Structures are given as structure tokens and as C-alpha cells.
Amino acid sequence: MSATPNLFVILRNFAKRQKEISERLFRFPLGRAPSLLNCQVSLRFRVGSLIELSELDKAEQIFRLAVCRKSFDGWDSKVMLCNDLISSMCKAKRHDDAVALFHHCFKEHKDFFPDIISCLVDTLRLLTKFLVSKGRIYEAMGLIKYTRISDSVVYSYLIRGFLDQGNHDKAYDLSDEFIHMSGCYKEGRAVVDAIFVGYWFKQGEDEKAMELYRSLISRSVCASTGNTLLEILFDNGKETEAWDLFNVMLTNSLTFNRDTFGTVVNACFKLRRFKLALQTFKRPEFTRSSRCYANIIPQFCEHGMMSQAQDLFDELCSSPQFLSPDVPTLRSLINGYAKAGRVDDALRMLKLMVDSTLLKFPLPSAH
């Protein structure tokens, strides 16, 4: 038997053992620690660990109990956990469960309405994108009307959805509604124009799309609108214009953010320009977070470029900002090494994943 099949047996046994450990750790009453830890275990630690172990059903069960407990730390911590859990459900393609959990969390904390909505914007974006992609656009609209949110990304999904259905009247109505709700005509108009640039490209109307694009960039655009335009340009073969826009955005700290770099890095991978992706990631204007590394490392692993992935992992672990890898990043490295037949490296990463997941210690070094 080859080394690689042996590794898969080890990983399968580890997954079984991991489940047994999670059952031991989390079968105790809420807020009480198992004897092996001999300390109080916070709810966030408990739910977060279950999420990392992919035990989403158990994490949701504990979270729903916590939402009903008046003695819990507060609504802000609950919202934070709600965001994490819903995001994990979406990644696991359990979108209907995510929608149900959002309604449950919102219902329990309706007294804190404005503050909760400001914290749940990322979650609402995920849910809106899913519902629109599945043709459930009116359900998505109901969710937005219920929360009375005026987020540009959320509205962009709705407007694009109606445009794709050929319902231009409804798309224009939503455009006007968003511009009115945003309270800033200039920024609201820019968001709407960016949506229509993408739409005209999709319809094969390149000249009309570029005319609108040139009109749009003649004005100052915010980071989120610029990121949308970058993605549209790369997706429609306008690489020269995309790089020009990217370089212009970097001249003003208000017109780019971490997502700007993530958008360009992802575009480089789609175009199989891996060296350029790494150069973009390493640019001095880019303040990298753990989430940024979690985006690029798995992509190198998927393409079998383990040397680049390992270098970035070492950089992440030795960062002076005390960054640390998440479990999905470690899993991507394990899978990448396994596919490459590098059993020892895969086992090394497996050990690091056990340490980071179950012991919650900072990772010292990958070597």
C-alpha cells in the first residue's frame, strides 16, 4: 500500500477521534467546564470550538439556548456568535438553516434593533446573495424590508437579480429607493451605476458599459464601489482598465481596503497569473490579516503550489501582529500535501491543527 492511502486512513481515524473529543468537551451544562480543563469555559469559546470542529448542529443548539438566557454577557456577544455561525452554515451550503437562525436571533433581540442590524450586515449580505442566486428574490426583499437596511452590497444583489430576470422597472425602482435611503446621492448613484456597468457587459453591450464606467470613474468612488468595478472589469476581459483602476485606487487610503487586494488576488488566480497574485498580496500598501492569508493559501494548495503556500503559512505564524491560521487553512495544507504525496508534511500540519483546534495555543512555527 502506498504512503498516500495510509495518510487517508490516518485522517479518517483522526476525524473520528475529533468527533469523540468534541462530544466529551461539549456535553456539559452551559457555561460549565469539563474537569479536564478545570476552568470556566466561555460560551464564545464553546460555540467557536464547535464551529471549528464542523459540529454546526451542536453549535447551533448551544447558541439557541444561550440566546434565551438572561444571564448571558449581552446582545453584542450573541450577535458576534450569530455572525460566525451563519457564515459557517453558508460555507457548508446550509443556507436555509442560516436564514432560520438569523430570524431566530433577530426575533430574540428586536429591542436592540438598530445596533443588531449594524452588526449583522455581513450576514445579511451572505443571505441576500444566496436567496437571489436561488431565484428567491422576493424572499430576499422581505428580509431587507424587515430589517430596514440600506447597505450598498445588499441592494446591489437585489438590483442585479431583477435585471437578470428582465424586470428593469423593479430594478430602477430599487435603484431610486437605495439612492434615497443612502442619504448621499453621490455615493448612492455610484453604487447603482456600477451595477449597471456589469449588467451591460453581461448583455454584450460593451460600448455602453464602458461609457458608463468612464463616467463613473471621473467621479471619486468609495472602496466598495471600486472593488465591484474591479471584479466586473476582470470578469469581462478588461485587464488593462482593471489594473489602471487598481493603481489609481491605491493612491488614496479612502478608496481601497483589504477586500480590494482580495478581489485582485482572486482575479489573478482565475487568470492563472500566480506570480502576479503573490506580488499583489505582498504590496506594501496591504495590511494583511488572518482572513487574507486564509484566502490565498488554499488557492495555492488547490493548484499544487505547496512551496508558495508553505512560505505564506510560515509568514502568517511568525507575524508580529500575532496572527494565527484557522482550521480550514490548515485543512487545505493537509489536503495539498496529501495530494502531492508528502505524507510527513501532511502529518506535521495535522498535528498543528490538533494543537490549534483543541488546545487553543498560538502556533509557534510550522517547522
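Predicted, not measured: the structure shown is a model, and the values here were computed from it. (Residues numbered from 1 in each chain as written. Predicted model: local features only at pLDDT ≥ 70, side-chain atom pairs only at ≥ 80, totals over all residues. Heavy atoms only, no water.)

Q: Even after reading the chapter, I still don't get the overall build of the chain, so can you show me in this structure?
A: A count of helical and extended segments in the chain gives 20 helices and zero strands. Burial statistics for the chain: of 367 residues in total, 47% are counted as buried. In the chain, once contacts between residues fewer than 6 apart in sequence are set aside, the share between residues at least 24 apart is 57%. (Helix = DSSP H or I, 4+ residues; strand = E, 2+ residues; numbered from the N terminus. Buried < 20%, exposed > 50% of the residue type's maximum accessible area, 1.4 Å probe, protein only. Contact = heavy atoms within 4.5 Å.)

Q: Quick question: what am I supposed to make of the environment of Asp 244 here?
A: In this structure, Asp 244 sits in helix H14 (residues 239–249). Note on Asp 244: relative accessible area 46%, which makes it partly exposed. Taking the C-alpha atoms as reference, Asp 244 lies 9.7 Å from Leu 230; in sequence the two are 14 residues apart.

Q: How should the side chain of Ser 289 be read in this particular structure?
A: Structurally, Ser 289 is set in the loop between helix H16 (274–281) and helix H17 (290–302). What makes Ser 289 buried here is its relative accessible area of 12%. Excluding residues that lie within four positions of it along the chain, Ser 289 makes contacts with Arg 258 and Leu 323.

Q: Hey, could you run me through helix H15 (residues 258–270) in this one?
A: Helical geometry: 3.6 residues make up each α-helical turn, so side chains three or four residues apart lie on a common side. With 13 residues, H15 should cover 18 Å at 1.5 Å per step; its first-to-last C-alpha distance of 19 Å lies within 8% of that length. Buried residues of H15: Thr 260, Phe 261, Gly 262, Thr 263, Val 264, Val 265, Ala 267, Cys 268 and Phe 269, and no others. The secondary structure elements touched by the buried residues of H15 are helix H13 (223–235), H14, H16 and H17. The opening residue of H15, the one whose side-chain oxygen lies 3.1 Å from the backbone nitrogen of Asp 259, is Asn 257. The first or second residue beyond H15 is Arg 272, which carries a positive phi of 60°. (Expected span 1.5 Å × (residues − 1). Polar contact = N/O pair within 3.5 Å; in protein donor to acceptor, adjacent residues only side chain to side chain.)

Q: Quick question: what am I supposed to make of the packing of H17 against helix H19 (residues 327–339) here?
A: Helix packing for two helices is described by the angle between their axes and how far apart those axes are. Contact geometry of H17 with H19 gives a least axis separation of 9 Å together with a crossing angle of 15°. Classified by the interaxial angle, the pair formed by H17 and H19 is roughly parallel. Here the hand of the crossing between H17 and H19 comes out left-handed. Facing Ala 294, Ile 297, Pro 298 and Cys 301 of H17, the residues of H19 in contact are Thr 329, Ser 332 and Leu 333. (Axes fitted to C-alpha atoms, helices over the stretch in contact; angles between N-to-C directions. Parallel < 35°, antiparallel > 145°, perpendicular 65-115°, else oblique. Left-handed = near helix turned anticlockwise from the far one by under 90°.)

Q: Got a minute to help me understand the environment of Leu 230 in this structure?
A: Turning to its location among the elements, Leu 230 is positioned in helix H13. Judged by its relative accessible area of 0%, Leu 230 falls in the buried class. Distance from Leu 230 to Ala 242, taken between C-alpha atoms, is 5.4 Å for residues 12 residues apart in sequence. Sequence-distant contacts of Leu 230, defined by excluding residues within four places in its chain, comprise Ala 242, Leu 245, Phe 246, Met 249, Thr 260, Thr 263 and Val 264.

Q: Mind showing me how you'd approach the side chain of Ser 175 here?
A: The residue Ser 175 is located in helix H10 (residues 168–182) in this model. Not counting the four nearest positions on each side in its chain, Ser 175 is found in contact with Ile 159, Val 192 and Phe 196.

Q: Before we go on, may I ask you to explain the confidence of the model for the chain in this structure?
A: Regions with low pLDDT carry predicted coordinates that are not meant to be interpreted in detail. Looking at the chain as a whole, its pLDDT mean stands at 80, while 76% of the residues score no less than 70. Confidence, read as mean pLDDT per element, is least for helix H6 (residues 113–119) in the chain (53) and greatest for H16 (97). Within the model, pLDDT remains below 50 along residues 21–40, and this stretch shows 35 contacts once partners closer than five positions in the same chain are excluded. Below a pLDDT of 50 lies the segment residues 360–367, which in the model reaches 21 contacts outside its immediate sequence neighbourhood of four places, other chains included. (pLDDT = per-residue confidence, 0-100.)

Q: Even after reading the chapter, I still don't get the packing of aromatic side chains, so can you show me in this structure?
A: Across all of its chains, the model carries 13 aromatic pairs by this definition. Taken together, a centroid distance of 5.1 Å and an interplanar angle of 15° make the contact between Tyr 172 and Phe 196 stacked. With Tyr 172 in helix H10 and Phe 196 in helix H11 (residues 185–202), the pair connects residues that are 24 residues apart, well separated along the chain. With centroids separated by 5.7 Å and ring planes inclined at 85°, the aromatic side chains of Phe 234 and Trp 243 adopt a geometry described as edge-to-face. For the pair shown, Phe 234 and Trp 243 are each scored as buried. Site record: aromatic cluster; members linked through ring pairs are Phe 234, Trp 243, Phe 246, Phe 256, Phe 261, Phe 281, Phe 286 and Tyr 293. Over the aromatic face of Trp 200 sits the side chain of Lys 208, whose NZ or CZ is 4.1 Å from the ring centroid. Taking NZ or CZ as reference, Arg 288 lies 5.5 Å from the ring centre of Phe 281, over its face. (Phe/Tyr/Trp six-rings, centres within 6.5 Å; stacked < 30°, edge-to-face > 60°. Lys NZ or Arg CZ within 6 Å of the ring centre and 35° of its normal.)

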